[in-house]
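Topology and contacts: notes
Listed below are the residues making up each chain.
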Amino acid sequence: MKQVEFLLADLNADLKKIEDNADGEVQKAEQGIMACQKYVEKLREFITGRDFADEKEEIHFFKYQKPAFTSRLLYYIYLLKLESGIGINDRLAKLRYYKRQMRNVAAFSRRNKEFIYYYRTGSTALDELYFKRGNADIKLLSNPLIFQFDPQFSTLHDHLVAKLVAKERIAKHIGERLHELEGIDSPAGGKPKGPQLKWTAPKVGLVEVVLSFIEADVFNSGTLKPGKIIEFFAPIGDMDSTEFHRKVVDIAKRKKNVTVMLDELGEAVRNRVERGEE
């Protein structure tokens, strides 16, 4: 629907002004929330009582268009909670705080991995249940982040799409904060200590290798939590925890060989031994 596209363009323009001019993250979040609330209400007014052209248009609206608005609102709500809750100046304390928040995002991904897989793979088999009005679960009324529940403006899972997109965006923000804080230990000249490793093979290959480490209990006699291992290795592949877990889903859906990278690494070692290199 063109009207919705125009409305989203106006929202994005307003948010860009806020992003460019806000004095700090908290002010940015507060102003972003106000702007998003205004446009979500405009969207509600446009849709309420409206007859969609067909089922396809209705599903498209609740699967993609409405979440484009509500995910922005949720992102700024998450951002406000994140940045106003830090309240500390100690670098190590901040690192622990942001890592804890990143674990919360990863926990959301684990709880909703089936739906995330459904949505990210472009599946449509359950769209009529998930994204048509009239199927909304009454339990959603207890969720404070559902925007004044309205059966004419809500479906079973459009809110979950919004949360997914917002969580991914806040995870990127947290990752940037962690990168800034971890870089403080760099020596004079701005270059971090030691060699900077960057995984340049496909990211899913690194995930495969890390999964093997986790399942084989090769670190700390198996006492280290998987999340800690993921936090250590994910930045090498330019990933956050959320993207890491999406790659785990990609591995799980392989139908033939689930250990592609491990097989390649094993073959590389065998070739080296056969060449007689030390």
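Structure first, text after, so check above.
Notes on the structure in this doc start here. (Residues numbered from 1 in each chain as written. Predicted model: local features only at pLDDT ≥ 70, side-chain atom pairs only at ≥ 80, totals over all residues. Heavy atoms only, no water.)

1. Regarding the overall build of the protein
Across its full length, the protein holds 11 helices and 0 strands. Secondary structure elements in the protein, listed N-terminal to C-terminal, are α-α-α-α-α-α-α-α-α-α-α. Counting the 278 residues in the protein, one finds 40% classified as buried. Here the contacts in the protein between residues at least 6 apart in sequence split such that 74% fall between residues at least 24 apart. Put simply, the protein shows about 16300 Å² of open surface, and 53% of that area lies on carbon and sulfur atoms. (Helix = DSSP H or I, 4+ residues; strand = E, 2+ residues; numbered from the N terminus. Buried < 20%, exposed > 50% of the residue type's maximum accessible area, 1.4 Å probe, protein only. Contact = heavy atoms within 4.5 Å. Areas by Shrake-Rupley, 256 points an atom, 1.4 Å probe, with all protein chains shown as cover.)

2. Some words on the packing of helix α4 (residues 91–111) against helix α5 (residues 113–120)
The angle between the axes and the distance between the axes are what describe a pair of packed helices. The contact between α4 and α5 brings their axes to 5 Å, and the two run at 80°. As judged from the angle between their axes, α4 and α5 are roughly perpendicular. Together, Ser109, Arg110 and Arg111 of α4 and Lys113, Glu114 and Ile116 of α5 make up the contact between the two elements. Each residue belonging to the contact of α4 with α5 can be placed in one class, and the counts come to 1 nonpolar, 1 polar and 4 charged. (Axes fitted to C-alpha atoms, helices over the stretch in contact; angles between N-to-C directions. Parallel < 35°, antiparallel > 145°, perpendicular 65-115°, else oblique. Nonpolar A, V, L, I, M, F, W, Y, C, P; charged D, E, K, R; others polar.)

3. Quick notes on the nonpolar core
In terms of nonpolar packing, the biggest core is built from 54 residues, with Phe61, Phe69, Tyr98, Phe115, Ile170 and Ile174 touching the most fellow members. Counting only elements with at least two residues in this core, the list comes to α1 (2–21), α2 (25–47), α3 (55–84), α4, α5 and α7 (158–182). It is α3 that contributes the most residues to this core, 12 residues altogether. When near neighbours in sequence (up to four residues on either side) are disregarded, Ile174 contacts Leu82, Tyr98, Gln101, Met102 and Val105. One finds Ile229, Ile230, Phe244 and Ile251 within the second-largest nonpolar core, a separate group that totals 11 residues. (Core = buried A, V, L, I, M, F, W, Y, C linked by side-chain atoms within 4.5 Å.)

4. Digging into the pattern of salt bridges
Summed over the entire model, instances satisfying the criterion amount to 22 salt bridges. By sharing partners, the salt bridges in this structure join Glu19, Glu25, Lys28, Glu83, Arg169, Arg177 and Glu180 into a single network. (Salt bridge = Lys/Arg side-chain N within 4 Å of Asp/Glu carboxyl O.)

5. Focus on the environment of Lys225
Locating Lys225 in the fold gives a position in the loop between α8 (203–216) and α9 (226–233). For Lys225, a relative accessible area of 62% corresponds to the exposed category.

6. Observations regarding the packing of α1 against α2
Here α1 crosses α2 at 170°, and the two axes come no closer than 9 Å. As far as their axial angle goes, α2 and α1 are roughly antiparallel. Of α2, the residues touching α1 (which contributes Gln3, Val4, Leu7, Asp10, Leu11, Asp14, Leu15, Ile18, Glu19 and Asn21) are Gln27, Lys28, Gln31, Gly32, Ala35, Cys36, Lys38, Tyr39, Lys42, Leu43 and Phe46. Residues of the contact of α1 with α2, tallied by class, amount to 10 nonpolar, 5 polar and 6 charged.

7. Overview of the packing of aromatic side chains
Across all of its chains, the model carries 16 aromatic pairs by this definition. Measuring from ring centre to ring centre gives 6.5 Å for Phe115 and Phe131, while their planes differ by 50°; the resulting arrangement is tilted. On the criterion of sequence distance, the pair formed by Phe115 in helix α5 and Phe131 in the loop between α6 (127–130) and α7 is long-range, its members being 16 residues apart. Take Phe115 and Phe131: they sit in the same class, and that class is buried. Centroid distance Tyr118 to Tyr130: 5.3 Å. Interplanar angle 85°. Geometry classified as edge-to-face. (Phe/Tyr/Trp six-rings, centres within 6.5 Å; stacked < 30°, edge-to-face > 60°.)

8. Side note on α2
Here α2 is 23 residues long and its end C-alpha atoms lie 32 Å apart, about the 33 Å a rise of 1.5 Å per residue gives. Where α2 is concerned, the buried positions are Glu25, Lys28, Ala29, Gly32, Ile33, Ala35, Cys36, Tyr39, Val40, Leu43, Arg44 and Ile47. Summarising the contacts, the buried residues of α2 are in contact with α1, α3 and α7. Phi for Gly49, located one or two positions after α2, is positive at around 80°. (Expected span 1.5 Å × (residues − 1).)

9. Looking at unusual backbone geometry
With a phi angle near 55°, Asp217 is a residue other than glycine that sits in the positive phi range. Here Asp217 lies in the loop between α8 and α9. Of the residues examined, Asp217 reaches a relative accessible area of 47% and is grouped as partly exposed. Phi angles above zero are rare outside glycine, and Asp238 is one such case at about 55°. Relative to the helices and strands, Asp238 is located in the loop between α9 and α10 (241–252). On the accessibility criterion, Asp238 (59% relative accessible area) is exposed.

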